[in-house]
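Summary of structural features
Single-letter residue listing:
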Amino acid sequence: MLERERIFKYHGLGNDFVVLDRRQTGVDIDAELSRWMCDRRRGIGADGVLSLLPSQEGLARMVVHNADGSIAEMCGNGLRCAVKYLVDHLGGRPERIQVETGAGLLACVPGYDATGVTEVDISMGPARLVAPNLPSGATGTPFVEAPIPDHLGLRGTAVSMGNPHLVLLDHPLYEAERLGSVLEHHPSFPDRTNVEFVRVDPDGLTVVVWERGCGLTQACGTGACASAAAAVLARRLPADTWLRVTLPGGDLQIRVPSDLSDIRLRGPVAAVFEGVVAIPPAR
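Residues numbered from 1 in each chain as written. Predicted model: local features only at pLDDT ≥ 70, side-chain atom pairs only at ≥ 80, totals over all residues. Heavy atoms only, no water.

For clarity, the cut-off: UniProt positions are given in the numbering used here, feature names are shortened, and annotations may be inferred rather than shown by experiment.
You'll find the protein entered in an unreviewed UniProt entry as Diaminopimelate epimerase, with Stigmatella erecta given as the organism. Looking at the protein in UniProt, the text filed under Pathway (unreviewed entry) is "Amino-acid biosynthesis; L-lysine biosynthesis via DAP pathway; DL-2,6-diaminopimelate from LL-2,6-diaminopimelate: step 1/1." UniProt, in the comment section headed Function (unreviewed entry), describes the protein in these words: "Catalyzes the stereoinversion of LL-2,6-diaminopimelate (L,L-DAP) to meso-diaminopimelate (meso-DAP), a precursor of L-lysine and an essential component of the bacterial peptidoglycan."

This is the structure we're talking about:
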């Protein structure tokens with residue numbers, strides 16, 4: 001007999017996720033099931049799976065499974081989706097909830113209209129320039145030379161938002177599709193990396209993200225935060241103010257303190273559908 005499971009589909013600016021509430025069993029999914037669920041032809045279709053597990057500190061512990069079966073330490077769009085799911089099924093209108101993630105326990109503030117949660121303001125924690133998943137863990141510098149034969153001297157900024165990022169300021173956005181996969185496997189990043197191709201505008205940023213384990217996506221919350229942090233670090237944009245970050249799926253608002261201590265992210269979130277899926281025994 002096929003195993004059946006209730007699933008919930010959410011998206012943040014087109015970055016879409018299957019949400020599984022496994023707080024009762026406490027059992028996470030494996031890489032094979034994540035790949036099957038994310039498959040847009042043979043499964044449900046998503047950029048990732050959010051597995052919600054019990055937490056001693058927060059309302060839930062969120063584990064982010066990428067489309068390729070790997071696990072991401074953190075996902076800003078995914079966290080907004082998880083918050084909306086939790087509030088939708090909690091009842092009431094809490095002013096603030098906490099969710100445990102691979103980047104720590106994060107405070108989340110839901111925003112409401114007459115229909116329920118429509119946006120979420122998230123404390124994303126610090127932007128780190130030195131971290132075990134960055135090359136700066138050994139070199140002490142956030143700047144990384146990209147070994148691309150036809151881009152000698154291409155330099156990016158390595159930033160960790162819990163997960164690793166390589167931010168390329170003032171690099172053509174159309175290059176994301178060609179260079180994203182190559183740079184994801186940059187030899188200086190021990191766990192691979194997300195890659196941001198960024199145009200600095202007078203009032204914010206325009207960003208295309210190649211997500212580690214997913215490829216090009218409509219939006220990436222941690223990528224938007226890393227891009228804004230790199231722009232502030234380079235003195236291209238001011239600190240301590242809300243900055244517009246435009247991604248293919250729409251706009252996020254990011255606030256970067258001058259010491260990079262606690263990045264704030266604000267953006268919309270929406271439910272897509274819910275249902276029950278039959279999980280094949282052999283995938």
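Description of the pairing of strand 8 (residues 116–123)
For clarity, the threshold we go by: Burial classes: relative accessible area under 20% of the type maximum marks a residue as buried, over 50% as exposed, and values in between as partly exposed (1.4 Å probe, protein chains only). Think of it this way: any DSSP run of H or I at least four residues long counts as a helix, any run of E at least two long counts as a strand, and we number them from the N terminus. DSSP calls a pair of strands paired once it identifies at least 2 bridges connecting them.
A large share of strand 8 lies buried, amounting to six of its eight residues. Pairing between strand 7 (residues 104–113) and strand 8: six bridges, direction antiparallel. Within the sheet, the bridge partner assigned to Asp113 lies in strand 8 and is Gly116. In sequence, strand 7 turns back onto strand 8 through a hairpin of two residues.

Side note on the nonpolar core
Inclusion rule: What makes a nonpolar core is a set of buried Ala, Val, Leu, Ile, Met, Phe, Trp, Tyr and Cys residues whose side-chain atoms join them at distances within 4.5 Å. Throughout the structure description, domain borders are defined by an automatic or database domain assignment. What makes two residues a contact is simply this: any of their non-hydrogen atoms within 4.5 Å.
Formed by 59 residues in total, the largest nonpolar core has its most connected members in Leu79, Leu205 and Ile254. With eight residues, helix 5 (residues 221–233) is the largest single contributor of residues to this core. Mapping this core onto the domain boundaries places at least three of its residues in each of domain 1 (4–122 + 269–278) and domain 2 (135–261). Each residue touching Leu205, except ones within four places of it in the same chain, is listed here: Val198, Arg199, Val200, Ser227, Ala228, Ala231, Leu237, Arg244, Val245 and Thr246. In this structure, Ala131, Leu134, Leu179 and Val208 belong to the second largest nonpolar core, which totals 14 residues.

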